[in-house]
Amino acid sequence: MFVDLEERIRKEEKISSFINNVVILEEIDSTNSYAKQLKDQVDGTLIVAKEQTQGRGRNNRTWKSFGEKNLTFSLIVNYPEDKEVLGLFSLLSANSVAATIEELGLIPEIKWPNDILINSRKVSGVLCEAVFDNNKPRSLIIGIGLNVNSNKDDFYSDDFVYRLEPTSLSIEGKKEYSSNDLVVILIKNLINWITLFRLKKYETILSFWRSRWIDIGSELVVTQDQMVLKGDAIDINSKGELLFLEKETKKVHVLNSGELST
Ligand code: BTN
């Protein structure tokens, strides 16, 4: 796994001009945790793990990845100058996974802000984390987990409870995929979307994301200030925040990604 990854990255001009360091780890607790503790937060540092033992998901959840069957990696990028639209990083990361899935001929669906599903089952998740230095933002870590070749027996080999039913590309595509090829395609797509962000093409990010969004109009439960709110997702705004119409009060809440529980 990842035998020729560094060479492929060097050869692909689009990738090599963006990726400055590649770290391939045999085993690590979490690629995001590894990235966070690096002293030099060099823009374009890619950390790929063959095995991630304590993968972290959003809202302190666990991300299970089953060794070499699936992809787990993190990319360190400079913290965006335009902090107002920081939330778009979650969306553009989801876009890059969705674009990758489409290249395989499968149909991705996105749940706000960045769960990626196929046939209503979760195939990938994104965890974006900021790194601070003396309270000053230094970098942003984009962690992506993509289920490539795991099967149902892997997912249900213990009594782990999934928030969303899990799936993999091979379950949905009914064939095995090469993680080596996929990591290259996915990184290329991620670079495309980050480049669009840096060119301030925010509308392009939002419209691609919106057209693959599945929970628009659907009923959601949100936890805010320890209160549970029920209502409908009505749209996202230009910062990628969710506009949520509370059923009982008819009030529109603007939520960032930390606040959605279901
Ligand atoms: C989620 O769906 O809640 C986000 C899952 C993110 C998992 C990836 S795997 C690579 C990176 N390292 C981690 O510990 N988490 C992210």
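Keep in mind that this is a model prediction, so the values were computed, not measured.

A.B. asks: Would you mind going over the packing of helix α4 (residues 88-103) against helix α8 (residues 202-210) in detail, with residue names and values included?
C.D. replies: Packing of α4 against α8 leaves a shortest axis separation of 9 Å and a crossing angle of 55 degrees. If you check the angle between α4 and α8, you find them oblique. In terms of crossing hand, the pair formed by α4 and α8 is left-handed. Of α8, the residues touching α4 (which contributes Leu 88, Leu 91, Leu 92, Ala 94, Asn 95, Ala 98, Ala 99 and Glu 102) are Tyr 202, Ile 205, Leu 206, Phe 208 and Trp 209.

A.B. asks: Help me get a handle on the side chain of Arg 212, residues and values and all.
C.D. replies: Of note, Arg 212 is situated in the loop between α8 and β10 (219-224). Here the side chain of Arg 212 touches Glu 102 through a polar contact of 2.7 Å, side chain to side chain. Within polar-contact distance, the side chain of Arg 212 engages the backbone oxygen of Phe 208 at 3.1 Å. Apart from residues no more than four positions distant in its own chain, Arg 212 is found in contact with Ala 98, Glu 102, Pro 108, Glu 109 and Ile 110.

A.B. asks: Give me the site of the ligand: which residues, what numbers.
C.D. replies: Around the ligand lies a shell of 20 residues, among which Ser 30, Gln 52, Arg 56, Arg 58 and Lys 122 are the nearest. Contacts to the ligand include Ser 30, whose side-chain N or O atom sits 2.7 Å from an oxygen atom. Separating a nitrogen atom of the ligand from a backbone N or O atom of Asn 32 is a distance of 3.5 Å. For the ligand, the protein covers 99% of the area, taking 420 Å² as the surface of the free molecule. When each cavity is represented as a set of grid points, the ligand is found to reside in the largest pocket. For the shell around the ligand, the secondary structure elements donating two or more residues are α3 (31-36), β3 (55-56), β5 (71-78), β8 (121-133) and β9 (136-146). Sorting elements by how many residues they give to the shell around the ligand places β8 first, with four residues.

The rules behind each value
Residues numbered from 1 in each chain as written. Predicted model: local features only at pLDDT ≥ 70, side-chain atom pairs only at ≥ 80, totals over all residues. Heavy atoms only, no water. Axes fitted to C-alpha atoms, helices over the stretch in contact; angles between N-to-C directions. Helix = DSSP H or I, 4+ residues; strand = E, 2+ residues; numbered from the N terminus. Parallel < 35°, antiparallel > 145°, perpendicular 65-115°, else oblique. Left-handed = near helix turned anticlockwise from the far one by under 90°. Contact = heavy atoms within 4.5 Å. Polar contact = N/O pair within 3.5 Å; in protein donor to acceptor, adjacent residues only side chain to side chain. Near = heavy atom within 4 Å. Areas by Shrake-Rupley, 256 points an atom, 1.4 Å probe, with all protein chains shown as cover. 1 Å grid on protein atoms, 1.4 Å probe; cavity = no way out; pocket = protein on both sides within 12 Å on 5 of 7 lines; lining within 4 Å. Sits in = over half its atoms within 2 Å of the grid points.

Scope: geometric values only; no functional claims are made or implied.
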